[in-house]
Structure formats: C-alpha cells, structure tokens
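Next come the chains, spelled out residue by residue.
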Amino acid sequence: MKIESGTYLIPKGFRATAVQADIKGKPSNKEDLMMIVADRDCMAAGVFTKNSAKSGAVLISQAHLSSCTIRGMVGISGNANACVPNALSDAEEITVLAGDFIGVPKEQILLAMTGKIGVPMQMEAVKRGFQKMSPPTTDQFESAARAIMTSDTFPKVASTTIQIGRSKVNIMGISKGNGMIHPNMATTLSFVMTDARIQKELLQRALSDATLDTFNMIDVDSDMSTNDTILVLASGEAGNEEIADLSSESYILFFDALREFLRDLAKQVAGDAEGSKKLLICNLKGAGTKEEARALARSVVSSIRFKASMGGRCNYWGRIPASMGATGIPFDLDQMDIHIRYEGGCFPVFLRGAALEIQDELTDQMTESSQITISIQLQEGQQEAEAYGCDLQPIYVENTANYG
C-alpha cells in the first residue's frame, strides 16, 4: 500500500464543485464555498470536536449522520458559525440550499466550516454562492481543497488504493488546518471519500479508531477548536464484497489503509501550521500502556518551549523529559534513550540517564531540516505511539493577533 501525498485519485461515485462566495462579506481572491457530491446514497461516518462550544455546522452534521444516508458534504471557509445566536438555524439553512442544489433532502447533507468565531454568518453571500456554483465534476477537487483553506500555504490532499478480494478500493481526502489544533477531537476539517462497500457501523468504527493514532496525535498550539470535523463517505462502487465483519481480512485491510492515509494528511497539517518551518514527530516506544504512550508522545510536540527551541537554532533537549514528566506518568529516566533524527542524520542526546555532548555542526544541520523526529525509547512495556507537531515561529503570534 502506497500513500500518495498531493494526488487526486478520485474514488468512484464522487464529484466536486467550488466557488468564490465572499463569505467574509468582502471580495476575496479564492474559492471559499465547496461541495463534494455523491452519485448515490452513501454510508457516512464522522468524528467531531469535543469542545462544548460547538459550531452549528458540527451540531447539524452530527444530527444528520445519526439518521440518514448521505449525498453531499459542504465546506465553507471564512466563518466558524460558532458562538452566535443563529448558528444552528444558519447551518440548517445551508444544508437546505445544498440539498436543493443537488436535489436531495437537507438531511442528506453534511456541513463543516472554518473561520472566525463570534461573527454572524453572511447568509446572503452563501445564497449567492450556490446560485453561481457550477455543476459538480471530477476535475474540481483541487478547487474544493483550496476552498477550505484559511492561512494554509498549500492544499492538503492524499489518496491510496488497496486490493480487497478482486476489487480495487480507492480512498482520497482533503484537509485543512493551521491553528487551534489540539488532541481529544478530530482536529481541523477533513473530507474523505472511498468507493469501498462497508457497513455504516464498521465505517464509523474504522474512522474513530484511525483518528486516535493520526489526527488526535497532532498538537499545534494546545488550543481546541469549536469546529473540528472529519467526515467520510463510502459510495460502495468499488464492487467489493460488503465489509461486514470486524475481524475479517477485508476490514483489517481497509482499516490499515484508512489509518495510514489519515496519518499522511495529519503530517501535512502539522507541517504547515501557522508560520511553521518544521514538522516535528515524536516517536515513542516502550511505554506501559497505549494511553500512556500517546500522552507522553503528545506532551513533547505540545511543549511550547520545545517548539520554540526547534524554531530557533537550539538543540536544548532538556524540555523533552521535562514535558514528559509533567504528564504525571511514571518512567525511569535511567533507562531512557533520546535520539534526534533529521533529514540526513541522527544523533543521540540522552542515553540511559546521561546527557551527551552535541557538536555545533550537528545542531546547524538539524535546524536546517524541514522534518525532525524525536525518537524516545523507554523500558516500561511494549506500547508505542507517534505524535505530530511543528516548531514555533514569530509569525504565529502575528497571524493569531491579526486573525480574521
């Protein structure tokens, strides 16, 4: 199985369209309203933010997922539709508009939005957007990917193909995310399509479980959004025998492919966070439980001081065990190893309780790298986890202060 970053290998049964609707109420230079349309009723699944102040889009999508097969997904950038009086009714009206656009009931539409919190939705702009939206086609997915971007510097897209029985099954998706990214939720906006034939309950199980080790392992700024959403539609057009058994080989193949596909998207998101220059990966092995492994790995990539040191010309590794220790999870420092891996090399910084001297030229090489992996080996058990973050640059403060 090979994951293709940046490729639009479209699963059977899906089309897309996008339009510049000026959602912010002022002229823009890019698409900000998009729709992914299925040719037939689809099985659907979703994972959403656990923030109590949920966007109207999240609430509407959760309600529609529980009751219907789905025919379309709408993505909007420029307004979060959160913490405003008409959030729910505006979200519902958008699903009505989208349903009318493709000729299905509003309940068959899912919705995800991103933008500034607390700003009333520009519903007239949305209406005008649907009025001038072109028919969905198979060659507009790149426009759809651009439409959900905010301060992203490039569209996040990936695809993969697996063999299930005699059928080739495709998975493709687009994602966005720069700030307000923190575990315990779906993280960012992601729209995923597959032509696999799979039962709804198993699709939801696969998405929920795959999210735990991928999008839920990103931490950009320890700030949980009101809108985070991952949606998956399955058209069933690949022709495979229906995936209906959790222990079957076909389910395991599908789950593994979905998880690795989401991992690729998660890395793209983490590496393009607000003004960042480096993707930070913490690969931790030897923890006592899976939950402890995840928490310890996340603690490293979420440490503001460590992120800042990686953003500068600094090799100060001491913040790694310090952030791990702050979790309260016990581990033996005298049995821990830490290596820093970068594009072109690797050097140990801490071996079995002892710090090692680091040559300046290694630090220079590391700081020039666009990807840094912190490899940590514990001796507490057999569990492992991988977390994804980014360095911290001054532009993050500027972008956050001037957001909107």
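Residues numbered from 1 in each chain as written. Predicted model: local features only at pLDDT ≥ 70, side-chain atom pairs only at ≥ 80, totals over all residues. Heavy atoms only, no water.

Enquirer: What's the story with the overall build of the protein in this structure? I'm lost.
Expert: Helix and strand counts for the protein come out as 11 helices and 15 strands. The C-alpha atoms of the protein give a radius of gyration of 22 Å, which matches the 22 Å a tight globule of 404 residues would have. For the protein, the spread of C-alpha atoms along the principal axes amounts to about 65 × 50 × 35 Å. The burial tally for the protein puts 56% of its 404 residues in the buried class. Restricting to contacts in the protein with at least 6 residues of sequence separation, those with at least 24 account for 82%. Accessible surface, the protein: about 16,100 Å² in total, of which carbon and sulfur atoms supply 48%. The positive charge centre, built from 38 side chains, and the negative charge centre, built from 49, are 3 Å apart in the protein. (Helix = DSSP H or I, 4+ residues; strand = E, 2+ residues; numbered from the N terminus. Rg over C-alpha atoms; globule rule 2.2 N^0.38 Å. Buried < 20%, exposed > 50% of the residue type's maximum accessible area, 1.4 Å probe, protein only. Contact = heavy atoms within 4.5 Å. Areas by Shrake-Rupley, 256 points an atom, 1.4 Å probe, with all protein chains shown as cover. Lys, Arg positive; Asp, Glu negative; His and termini not counted. Charge placed at Lys NZ, Arg CZ, Asp CG, Glu CD.)

Enquirer: Explain the pattern of salt bridges here, please?
Expert: Opposite charge on two side chains permits pairing when their charged atoms draw close. Enumeration over the complete set of coordinates arrives at 17 salt bridges. Here E92 makes a salt bridge to K106, at a shortest N to O gap of 2.5 Å. Residue E92 is located in helix 2 (residues 87–102), and its partner K106 is located in the loop between helix 2 and strand 5 (109–114); the two are separated by 14 residues in the primary sequence. Taking relative accessible area as the criterion, E92 reaches 32% and is therefore assigned partly exposed. Using a relative accessible area of 25% as the deciding quantity, one classes K106 as partly exposed. D152 serves as the salt-bridge partner of K156, at 2.8 Å between the closest nitrogen and oxygen. Judged on exposure class, the residue K156 and its partner D152 are both buried. When salt bridges that share partners are traced, they join D256, R259, E260 and R263 into one network. (Salt bridge = Lys/Arg side-chain N within 4 Å of Asp/Glu carboxyl O.)

Enquirer: Hey, could you run me through the environment of Q140 in this one?
Expert: Counting through the fold element by element, Q140 comes out in the loop between helix 3 (123–132) and helix 4 (141–147). Q140 sits in the buried class, given a relative accessible area of 12%. Between the C-alpha atom of Q140 and that of I36, which follows or precedes it by 104 residues, the distance is 9.4 Å. Here the side chain of Q140 touches P135 through a polar contact of 3.0 Å, landing on its backbone oxygen. (Polar contact = N/O pair within 3.5 Å; in protein donor to acceptor, adjacent residues only side chain to side chain.)

Enquirer: Any chance you could explain helix 2 here in plain terms?
Expert: Counting along an α-helix, one turn takes 3.6 residues, and residues three or four places apart therefore face a common direction. The end-to-end C-alpha distance of helix 2 is 23 Å, a good match for the 22 Å that 16 residues give at a rise of 1.5 Å each. All of the buried residues along helix 2 are A87, D90, A91, I94, T95, L97, A98 and G99. For helix 2, the elements touching its buried residues are strand 3 (33–48), helix 1 (56–67), strand 4 (70–77), strand 5 and helix 3. (Expected span 1.5 Å × (residues − 1).)

Enquirer: Help me understand the packing of helix 2 against helix 3, please; the structure alone is not making it clear to me.
Expert: The description of two helices packed together rests on the angle between their axes and the distance between the axes. Direction vectors running N to C along helix 2 and helix 3 enclose 10°, while the axes themselves pass 10 Å from each other. On the basis of their axis angle, the class for helix 2 and helix 3 is roughly parallel. For the pair formed by helix 2 and helix 3, the contact residues are D90, E93, I94, L97, A98 and F101 on the first element and M123, V126, K127 and F130 on the second. Split into classes, the residues belonging to the contact of helix 2 with helix 3 amount to 7 nonpolar, no polar and 3 charged. (Axes fitted to C-alpha atoms, helices over the stretch in contact; angles between N-to-C directions. Parallel < 35°, antiparallel > 145°, perpendicular 65-115°, else oblique. Nonpolar A, V, L, I, M, F, W, Y, C, P; charged D, E, K, R; others polar.)

Enquirer: Explain the nonpolar core to me, please; I cannot follow it from the model alone.
Expert: Note that soluble globular proteins tend to have their nonpolar side chains buried in a common cluster. Ranked by internal contacts, the top residues of the largest apolar core, which has 68 residues, are F254, L258, L284, I320, M324 and I376. Here this core gets 11 residues from one element, more than from any other, and that element is helix 6 (residues 249–271). Here L258 is in contact with I171, V192, A206, L207 and A210, once residues within four sequence places are set aside. Of all hydrophobic cores here, the second largest spans 28 residues; its members include A18, F48, L65 and M193. (Core = buried A, V, L, I, M, F, W, Y, C linked by side-chain atoms within 4.5 Å.)

Enquirer: Is there a simple way to think about the pairing of strand 6 (residues 156–164) in this case?
Expert: Side-chain direction in a regular strand flips from residue to residue, so the side chains alternate between the two faces of the sheet. In terms of residue burial, strand 6 counts as a mostly covered element, since 7 of its 9 residues are buried. Pairing between strand 1 (residues 4–5) and strand 6: 2 bridges, direction antiparallel. Its bridge partner being in strand 6, E4 is matched across the sheet by S159. Bridge analysis of strand 6 against strand 7 (residues 167–176) gives 9 bridges, and the strand direction is antiparallel. (Pairing = 2+ DSSP bridges.)

Enquirer: I keep staring at helix 7 (residues 290–302) and nothing clicks. Help me out?
Expert: Taking 1.5 Å of rise per residue, the 13 residues of helix 7 would be expected to cover 18 Å, and the 18 Å separating its terminal C-alpha atoms lies within 8% of that figure. Buried residues along helix 7 sit in contact with helix 5 (200–212), strand 10 (279–287), helix 8 (304–311), helix 9 (319–325), strand 14 (371–377) and strand 15 (383–390).

Enquirer: In this structure, what is going on with the pairing of strand 14? I would like to understand it.
Expert: Strand 14 sits mainly inside the fold: 5 of its 7 residues count as buried. Examined bridge by bridge, strand 10 and strand 14 share 7 bridges and lie parallel to one another. Of the residues in strand 14, the one forming a bridge with C282 is I374. Sheet analysis places strand 11 (residues 337–342) next to strand 14, joined by 6 bridges and oriented antiparallel. Within strand 14, the residue paired with H339 across the bridge is S375.

Enquirer: Sorry, what's going on with the sheet that holds strand 12 (residues 345–351) here?
Expert: Pairing between the strands of a sheet comes from backbone hydrogen bonds, and it takes one of two forms, parallel or antiparallel. With mixed pairing, 6 strands are arranged side by side in an open sheet as 13-12-11-14-10-15. Each end of this open sheet is capped by a strand with a single partner; those strands are strand 13 (354–355) and strand 15. Relative to strand 12, strand 11 is paired through 6 bridges, and the arrangement is antiparallel. Bridged to H339 within strand 12 is P348. Strand contacts of helix 6: strand 10 and strand 15, with the helix running at about 40° to strand 15, the strand carrying the most contacts. Along the sheet, helix 8 contacts strand 10, strand 14 and strand 15; its crossing angle with strand 10, the most-contacted strand, is approximately 130°.

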